[in-house]
Amino acid sequence: MDPYALKTLNAERRARRAAILVTDLGDGRDRIVREGDQVAGDLGVAIDRAFRTGNSGSVEAEGRTFFLNAHLPQPRLVVVGAVHISQALAPMARIAGYPVEIIDPRTAFATPDRFPDVALSAEWPEDVLTRQPLDSYTALAAVTHDPKIDDFALKAALDANCFYVGALGSRKTHAKRVERLLALGASADQIARIHAPIGLDIGAASPAEIAVAILAQTIHAFRSRGLESKGAVA
Amino acid sequence: MENSIYLDEARDPLIIAEGWMKDGKDVAIATVVETWGSAPRPVGSHLVIDADGNFHGSVSGGCVEGAVVTEAIDVIGSGKAKMLEFGVADETAWQVGLSCGGRIKVYVERLG
């Protein structure tokens, strides 16, 4: 392995950015491909697939055998709001492979009693997200119903290109939220990425069912990353 | 730790390999490139080895690491990468093999 490739790969992994180490198994030459880099032909198709699935494997292309080792950051879910839905969502999401962090400045809600074994910050999103910025391998669900708490986090999630952004509230509530986010400087394209009302439409009624709907929508967003532009996923 | 959102720097094989390299050590990197049947470690898993036989990570959860380390020291000396194959159907299975019944292919290369 090329020492420079190893250094580059580790730097990308530390920064929570996806990278693939492509090794020609014939001559041992290797290189790093970052998400969004253009690679032509069959190799490019295989690389796109590896970024999406996170699966490593060999591929035949241009008469050679390449090994693609996909290094994807661990996806995570940040939930703004230590509410009933979040109490159900946190354990479900962890089981599904998405570690959860919950942020809510209302100390009566954000208690370890209500959220055992969950990373919990009883602080304003402004403070937490400055310390631990969002990124494109983070999903954000805003579920407090309170613009003072949700709006900053939603704007930050759009700016950080979070792979999923969802916000609790009816269509009417969301229409008002759109106005506020526009005033905060978000573009119409950005705002269109927000899933609101939140969650896949499975007719969820109880807080736990809404949690299932949010988790399902998060997984769908993660597994269809980068496909929207190619029309493969509606 | 599984599912941690940050790298476990003290145990991550590729981070350790980079550290060894900075310390001026000769290093080999072994990677699982293919598995068949019930293999203990997924494709892409790493074992990193230095010239003294120190190692971190795993390619099989303990079944064949000894043999991979021996081959890796050879690769460090020659600079020539090797493709190793392990499985119960293998002739070498009497010495080292995967008791789980799977087969794995491990690519061993020198760093630099």
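That block above? That's the structure.
The text that follows walks through the structure, step by step, so that each part is easy to find. (Residues numbered from 1 in each chain as written. Chains lettered and ligands numbered in written order. Predicted model: local features only at pLDDT ≥ 70, side-chain atom pairs only at ≥ 80, totals over all residues.)

Examining the sheet that holds strand S6 (residues 100-103) of chain A
All names here are of chain A.
Next up, step 1: Reading across the sheet, the six strands line up as S7-S6-S5-S8-S9-S10 and stay open at both edges, with parallel pairing between neighbours. At either margin of the open sheet sits one strand with a lone partner, and together these are strand S7 (119-121) and strand S10 (194-195).
Next up, step 2: Sheet analysis places strand S8 (residues 138-142) next to strand S9 (residues 164-167), joined by four bridges and oriented parallel. Following the sheet pairing, Ala139 is matched in S9 by Tyr164.
Next up, step 3: Those strands touched by helix H3 (residues 84-96) are strand S5 (76-80) and S6, and its axis lies near 160° from that of S6.
Next up, step 4: Against the sheet, helix H8 (residues 207-223) makes contact with S5, S8, S9 and S10, and its axis sits at roughly 155° relative to S9, the strand it touches most. (Pairing = 2+ DSSP bridges. Helix = DSSP H or I, 4+ residues; strand = E, 2+ residues; numbered from the N terminus. Contact = placed C-beta atoms within 7 Å. Axes fitted to C-alpha atoms, helices over the stretch in contact; angles between N-to-C directions.)

Some points on the nonpolar core
Next up, step 1: Counting residues in each nonpolar core, the largest one holds 49 residues, and the members touching the most others are Ile102 and Leu140 of chain A.
Next up, step 2: Put simply, the parts of the chain that give this core at least two residues each are S5, H3, S6, helix H4 (125-131), S8, helix H5 (147-159), S9 and H8 of chain A.
Next up, step 3: In this structure, Leu140 of chain A is in contact with Val78, Val80, Leu134, Ala153, Ala157, Cys162, Tyr164 and Val165 of chain A, ignoring residues within four places of it in sequence.
Next up, step 4: Grouped together as the second largest cluster of nonpolar side chains are 47 residues, Ala19, Leu21 and Val33 of chain A together with Val32 of chain B included. (Core = buried A, V, L, I, M, F, W, Y, C linked by C-beta atoms within 7 Å. Buried ≥ 20, exposed ≤ 12 C-beta atoms within 10 Å, placed from the backbone.)

A word on the environment of Val33 of chain B
Next up, step 1: Along the polypeptide, Val33 of chain B turns up in strand S1 (residues 27-36).
Next up, step 2: Judged by the 24 C-beta atoms lying within 10 Å of it, Val33 of chain B falls in the buried class.
Next up, step 3: A sequence separation of 50 residues divides Val33 of chain B from Met83 of chain B, and the C-alpha atoms of the two residues are 9.2 Å apart.
Next up, step 4: Among residues more than four places away in sequence, those in contact with Val33 of chain B are Ser58 and Phe67 of chain A together with Val43, Lys105 and Tyr107 of chain B.

Structural notes on the sheet that holds strand S2 (residues 30-34) of chain A
All names here are of chain A.
Next up, step 1: Read across the sheet, four strands follow the order S2-S1-S4-S3 without closing on themselves; strand pairing throughout is antiparallel. In this open sheet, the two edge strands, each paired with only one partner strand, are S2 and strand S3 (57-61). Averaged over all adjacent pairs, the angle separating strand axes in this sheet is 30°, with direction ignored.
Next up, step 2: As judged from the six bridges shared by strand S1 (residues 19-24) and strand S4 (residues 64-71), these two strands associate in the antiparallel manner. Across the sheet, residue Ile20 finds its bridge partner in S4, namely Ala70.
Next up, step 3: Contacts from helix H1 (residues 3-14) reach S1, S2 and S4, with the element oriented near 25° to S2.

Quick look at the environment of Tyr107 of chain B
Next up, step 1: With respect to the secondary-structure elements, Tyr107 of chain B resides in strand S5 (residues 103-110).
Next up, step 2: Sequence separation between Tyr107 of chain B and Val32 of chain B is 75 residues; the distance between their C-alpha atoms is 6.4 Å.
Next up, step 3: Setting aside residues no more than four positions away along its own chain, Tyr107 of chain B makes contact with Leu25 and Phe67 of chain A together with Thr31, Val33, Ala81 and Met83 of chain B.

What to know about the interface of chain A and chain B
Next up, step 1: Each partner contributes residues to the interface: chain A has 20 residues there, and chain B has 20 residues.
Next up, step 2: Looking at the side of chain A that touches chain B, the elements with two or more residues in it are H1, S3 and S4 of chain A.
Next up, step 3: Among the elements that line the side of chain A that touches chain B, the one with the most residues is H1 of chain A, at seven residues.
Next up, step 4: In terms of residue class, the side of chain A that touches chain B is built from eight nonpolar, eight polar and four charged. (Nonpolar A, V, L, I, M, F, W, Y, C, P; charged D, E, K, R; others polar.)

Looking at H3 of chain A
Working note: α-helix, 3.6 residues per turn, so residues spaced by three or four point in the same direction.
Residues and elements named next belong to chain A.
Next up, step 1: With 13 residues, H3 should reach 18 Å at 1.5 Å per residue; the first-to-last C-alpha distance of 19 Å fits that figure.
Next up, step 2: When the local axis directions of H3 are compared, the greatest deviation, roughly 25°, occurs at Ala90, which is followed within four positions by the proline Pro91.
Next up, step 3: Considered for burial, the residues of H3 that qualify are Ile85, Ser86, Leu89, Ala90 and Ala93.
Next up, step 4: Packing partners of the buried residues in H3 comprise S5, S6 and H8.
Next up, step 5: Trailing H3 by a residue or two, Gly97 shows a phi angle of about 100°, which is positive. (Expected span 1.5 Å × (residues − 1). Bend = angle between axes of the 7 residues up to and from the residue.)

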